[in-house]
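Descriptive structure summary
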Amino acid sequence: MNTPSNNPKQASNERQDLIAFVRPIQISLAENKNGWIVTISSLNPGDAMMALTRDDSFNQSTILCGAGSTNWVACVDGPIEMGDANAIIASISSSNSPLSIECRMHSMIASTDLGGISAHVREQDDALALVAEAFKQYASNLLNYNVTTPDLGLMATLFERGDVISVRPIETEVFSTFLDIGISSSPESAAEHGLIYDIHSDSWHGE
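Residue positions are given per chain, counting from 1 as you read along its sequence in written order. Residue-level local features of this predicted model are given only where pLDDT is at least 70; pairs of side-chain atoms are given and counted only at 80 or more, and the full residue set underlies all totals for whole chains, interfaces and linings. With hydrogens and water set aside, each side-chain value is computed from the structure's full complement of heavy atoms.

To continue, consider the environment of L130. Looking at where L130 falls in the secondary structure, it is placed in helix α4 (residues 124-143). Only protein chains enter the calculation, and the probe is 1.4 Å; a residue is then buried if its accessible area is under 20% of its type maximum, exposed if over 50%, and partly exposed in between. With a relative accessible area of 0%, L130 lands in the buried category. For the pair L130 and I117, spaced 13 residues apart in sequence, the C-alpha separation works out to 10.0 Å. Contacts were defined at the residue level, with two residues in contact if any of their heavy atoms lie within 4.5 Å. Beyond its immediate chain neighbours, meaning those up to four positions away, L130 contacts V38, I40, L43, A48, A51, L52, I117 and A119. Secondary structure counts use DSSP, requiring at least four H or I residues in a row for a helix and at least two E residues in a row for a strand, with both numbered from the N terminus.

Right, dumping it as structure tokens:
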């Protein structure tokens, strides 16, 4: 694993240079009758599903996936018969509410035309776990090593001003001991609040 440079000034300059190569993030979060829909511009379906299935409670789940114009992966509680699996596969790409297809399906994540993912999940914590994964990857890419995952409660506070947030690398400041990540309610507006990642303690904080 790569670690930060021992020279704080050099490390800060190196990280600042990396900002030009880090993708902006756009995230939307909305509730519907089956759970939550979250779209994230910076994740792919595989990484997103991994973020949801690290809990041991998913060990008995069945994972279905498909590829084509849209790549998708779905997680169903327990074993399923081939006929049920085929019905899910046939219906999933054409449904605006894929969780309604099968009551035991707790998540379905699909790629989007513009890159990123659109995820349907039953629980709000699962939606926030995907948001947390996006910020973990963002900071890890800047620092060139894996950082800890932000707390879900902290992720929930990001949506207190609305159901859309945007992160632009130009509004991320990189210092020798912390990252200051600016967050706005739209790609067009300036950052209104932010997240702080403390490098020495490997911890996240609200601004």
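And the narrative resumes.
At a closest axis distance of 9 Å, the pairing of helix α2 (residues 45-52) and α4 adopts a crossing angle of 120°. Of the possible angle classes, the one that applies to α2 and α4 is oblique. Crossing of α2 against α4: the hand is right-handed. Facing α2, whose interface residues are D47, A48, A51 and L52, α4 presents D126, A129, L130, E133 and Q137. Under the scheme applied here, ten amino acids are nonpolar (Ala, Val, Leu, Ile, Met, Phe, Trp, Tyr, Cys and Pro), four are charged (Asp, Glu, Lys and Arg), and all others, including Gly, are polar. Here the contact of α2 with α4 is built from residues that sort into five nonpolar, one polar and three charged. Throughout, an axis means a line fitted to C-alpha atoms (over the contacting stretch in the case of helices), and angles, computed between N-to-C directions, take values from 0 to 180 degrees. In these notes the angle categories are as follows: under 35 degrees is roughly parallel, over 145 is roughly antiparallel, 65 to 115 is roughly perpendicular, and the rest is oblique. Handedness of a crossing follows from how the near helix is turned relative to the far one, being left-handed for an anticlockwise turn of less than a right angle and right-handed for a clockwise one.

Glancing now at α4. Each α-helix turn comprises 3.6 residues. Residues three or four places apart therefore point the same way. Given the number of residues in a helix, its expected span is that number minus one, multiplied by 1.5 Å. Compared with the 28 Å implied by 1.5 Å per residue over 20 residues, the 29 Å span of α4 between its first and last C-alpha is a close match. With respect to burial, α4 is a largely interior element, 17 of its 20 residues being buried. Among the residues trailing α4, N144 stands out with phi positive, at a value near 65°.

Turning our eyes to something else, we now look at the pairing of strand β6 (residues 117-121). Extensive coverage of β6 is indicated by the burial of five of its five residues. Here β6 shows two buried faces, one formed by I117, A119 and V121 and the other by S118 and H120. Here strand β2 (residues 35-40) runs beside β6; their pairing, made up of five bridges, is antiparallel. Along β6, the bridge assignment pairs V38 with A119. With five bridges joining them, strand β5 (residues 105-111) and β6 adopt antiparallel strand pairing. Looking at β6, one finds that M108 is bridged to H120. At least two DSSP bridges between two strands are needed for those strands to be called paired.

On to the confidence of the model for the protein, then. For every residue, the predictor reports its confidence as pLDDT, a number between 0 and 100. In this model, the protein carries a mean pLDDT of 86, and residues with pLDDT of at least 70 account for 86%. Every residue in residues 1-6 is under pLDDT 50, and counting partners more than four places away or in other chains gives nine contacts.

The next subject is the pairing of strand β11 (residues 203-206). Pairing of strand β10 (residues 193-198) with β11, which is carried by four bridges, proceeds in the antiparallel orientation. Following the sheet pairing, L195 is matched in β11 by G206. Between β10 and β11, which follow one another and run antiparallel, lie four residues, and D202 among them has a positive phi close to 50°.

Our focus in this paragraph is the packing of aromatic side chains. Aromatic pairing here means that ring centres of Phe, Tyr or Trp (its six-membered ring) are within 6.5 Å. Orientation follows from the plane angle: under 30 degrees is stacked, over 60 is edge-to-face, and everything else is tilted. As enumerated under the stated definition, the model contains two aromatic pairs in all. Their ring planes at 25° and their centres at 4.6 Å tell us that F175 and F178 sit as a pair that is stacked. The exposure class assigned to F178 is partly exposed, which follows from its relative accessible area of 27%. Both rings, one in Y197 and one in W204, keep their centres 5.1 Å apart while their planes meet at 55°; by these two values the pair is tilted. Taken individually, Y197 and W204 each receive the classification buried, so the pair is uniform in this respect.

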